[in-house]
Amino acid sequence: MMMDDRIVLSLLVDNTAGVLARVAGLFSRRGYNIESLTVGVTADPRYSRMTVVSLGDQTVLEQIKNQLNKLEDVRDIKELQPDRSVYRELMMIKVRAGAADRQSISAISSIFRATIVDVGKDSLTVMLTGDQSKLDALINLLEDYEILELARTGLTGLERGSEDIRYLP
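Residues numbered from 1 in each chain as written. Predicted model: local features only at pLDDT ≥ 70, side-chain atom pairs only at ≥ 80, totals over all residues. Heavy atoms only, no water.

1. Concerning the overall build of the chain
Short version of the rule: We count a stretch as a helix when DSSP gives it H or I for four or more residues in a row; a strand needs E for two or more, and each element gets its number in order from the N terminus. Only protein chains enter the accessibility calculation, which uses a 1.4 Å probe. A residue is then buried if its area is under 20% of the maximum for its type, exposed if over 50%, and partly exposed in between. Whether two residues touch is decided by their heavy atoms; if any such pair falls within 4.5 Å, the residues are in contact. To be clear on the numbers: accessible area is Shrake-Rupley with a 1.4 Å probe, and residue cover counts the displayed protein chains and nothing else. The charge count treats Lys and Arg as positive and Asp and Glu as negative. His and the chain ends do not count. By convention, the point assigned to a charge is CZ for Arg, NZ for Lys, CD for Glu and CG for Asp.
When helices and strands are counted, the chain shows four helices and nine strands. Walking the chain from its N terminus toward its C terminus, one meets helices and strands in the order β-α-β-β-α-β-β-α-β-β-α-β-β. Based on the C-alpha atoms only, the size of the chain along its principal axes is roughly 55 × 45 × 30 Å. Counting the 169 residues in the chain, one finds 37% classified as buried. Of the contacts made within the chain by residues no fewer than 6 positions apart, 73% connect residues no fewer than 24 positions apart. Only carbon and sulfur atoms are counted for the fraction: they give 50% of the accessible area of the chain, which is about 10,000 Å². Between the averaged position of the 21 positive side-chain charges in the chain and that of its 25 negative side-chain charges there is a distance of 4 Å.

Written as structure tokens, this is what we have:
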């Protein structure tokens with residue numbers, strides 16, 4: 001069985017209503033899965049940057065790029081290669097923590113340079129940014145406690161150095 005490749009695309013798109021729906025719709029109509037999707041406005045409020053992560057064989061991944069290029073709202077696309085890019089994800093994880101567990105959960109969090117962002121009577125909420133393996137490692141260690149809730153933003157990334165994607169009309 002052949003393993004699917006992972007592609008991380010950085011899209012510069014018009015910051016207008018419906019762009020997200022059109023990009024997501026392209027994936028669903030073609031039967032492609034979106035593993036992760038993040039969107040936010042850029043320094044220029046006319047544009048948003050989308051980071052889209054998908055899996056597939058090389059043919060499927062090329063089709064994804066070609067189809068995205070045909071969308072009117074997409075101004076530029078760059079494939080973010082792992083060796084030439086910086087990827088990060090944000091996670092918040094709420095753990096059941098009575099008085100007896102707080103110190104040990106805090107110590108585990110400190111090892112990962114995670115921040116405790118909320119303390120409840122019987123819970124702690126920990127926030128961590130990093131790559132997927134770092135977030136997964138923290139989850140693994142906190143599984144010894146009861147995880148009440150977990151939220152992850154999905155991957156976002158930029159190419160290293162001064163190279164960037166931009167659309168100048």
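There's plenty left to go through after this.
2. A word on the UniProt feature "domain: ACT" (unreviewed entry) in the chain
Going by this rule: UniProt positions are given in the numbering used here, feature names are shortened, and annotations may be inferred rather than shown by experiment.
This chain's UniProt record puts "domain: ACT" (unreviewed entry) on residues 8-82. Each end of residues 8-82 is marked by a C-alpha atom, and these two atoms are 8 Å apart; helix forms 33% of the span and strand 41%.

3. Here's the deal with the side chain of Ser54
Filter applied, for reference: Polar contact is defined as a pair of N or O atoms within 3.5 Å, subject to the rule that within protein one atom must be able to donate a hydrogen and the other to accept it, and that residues adjacent in sequence are counted only when both atoms are side-chain atoms.
Structurally, Ser54 is set in strand E3 (residues 47-56). Residue Ser54 is classed as buried on the basis of its relative accessible area of 1%. Polar side-chain contacts of Ser54 include one of 2.6 Å to the backbone oxygen of Asn33.

4. Regarding the sheet that holds strand E4 (residues 74-79)
Stated precisely, the cut-off is as follows: At least two DSSP bridges between two strands are needed for those strands to be called paired. Angles shown run from 0 to 180 degrees and are taken between the N-to-C directions of axes, each axis being a line fitted to C-alpha atoms and, for helices, limited to the stretch in contact.
Read from one edge of the open sheet, four strands run E2-E3-E1-E4, paired in antiparallel fashion. With one partner strand each, in any of the chains shown, strand E2 (34-41) and E4 form the two edges of the open sheet. Sheet twist, expressed as the mean angle between neighbouring strand axes with direction ignored, is 20°. Together, strand E1 (5-14), E2 and E3 form the strand contacts of helix H1 (residues 19-30), whose direction differs from that of E3 by roughly 15°.

5. Let's talk about H1
Note the threshold: Helix span, as expected, comes to 1.5 Å for every residue beyond the first.
Here H1 contains 12 residues, and its C-alpha end-to-end distance of 17 Å stays within 8% of the 16 Å for a straight helix at 1.5 Å per residue. Phi turns positive, to about 80°, at Gly31, one or two residues after H1.

6. Overview of the packing of H1 against helix H2 (residues 58-70)
So the rule is basically this: Roughly parallel means an angle under 35 degrees; roughly antiparallel, over 145; roughly perpendicular, 65 to 115; everything else is oblique. If you view the pair so one helix is near and one far, a crossing is left-handed when the near helix is turned anticlockwise from the far one by less than a right angle, and right-handed when it is turned clockwise. The classification used treats Ala, Val, Leu, Ile, Met, Phe, Trp, Tyr, Cys and Pro as nonpolar, Asp, Glu, Lys and Arg as charged, and all other residues, Gly among them, as polar.
For the pair H1 and H2, interaxial distance at closest approach is 11 Å and the crossing angle is 135°. Taken together, the axis directions place H1 and H2 in an arrangement best described as oblique. Relative to H2, H1 is oriented so that their crossing is right-handed. In this structure, H1 uses Val23, Leu26, Phe27 and Arg30 to contact H2, whose residues at the interface are Ile64, Gln67 and Leu68. Residue classes in the contact of H1 with H2 are distributed as five nonpolar, one polar and one charged.

7. What to know about the pairing of strand E5 (residues 85-96)
Of the two faces of E5, only the one carrying Ser85, Tyr87, Glu89, Met91, Ile93 and Val95 is buried; Val86, Arg88, Leu90, Met92, Lys94 and Arg96 on the other face are not. Relative to strand E9 (residues 156-159), E5 runs antiparallel, the two sharing four bridges. For Val86, the partnering residue across the bridge sits in E9 and is Leu158. In this sheet, strand E7 (residues 123-130) lies alongside E5 in antiparallel orientation, the contact comprising eight bridges. Bridge assignment links Glu89 to a residue of E7, and that residue is Gly130. As paired elements, E5 and strand E8 (residues 147-152) share five bridges and run antiparallel to each other. By the bridge assignment, Met91 is partnered in E8 with Arg152.

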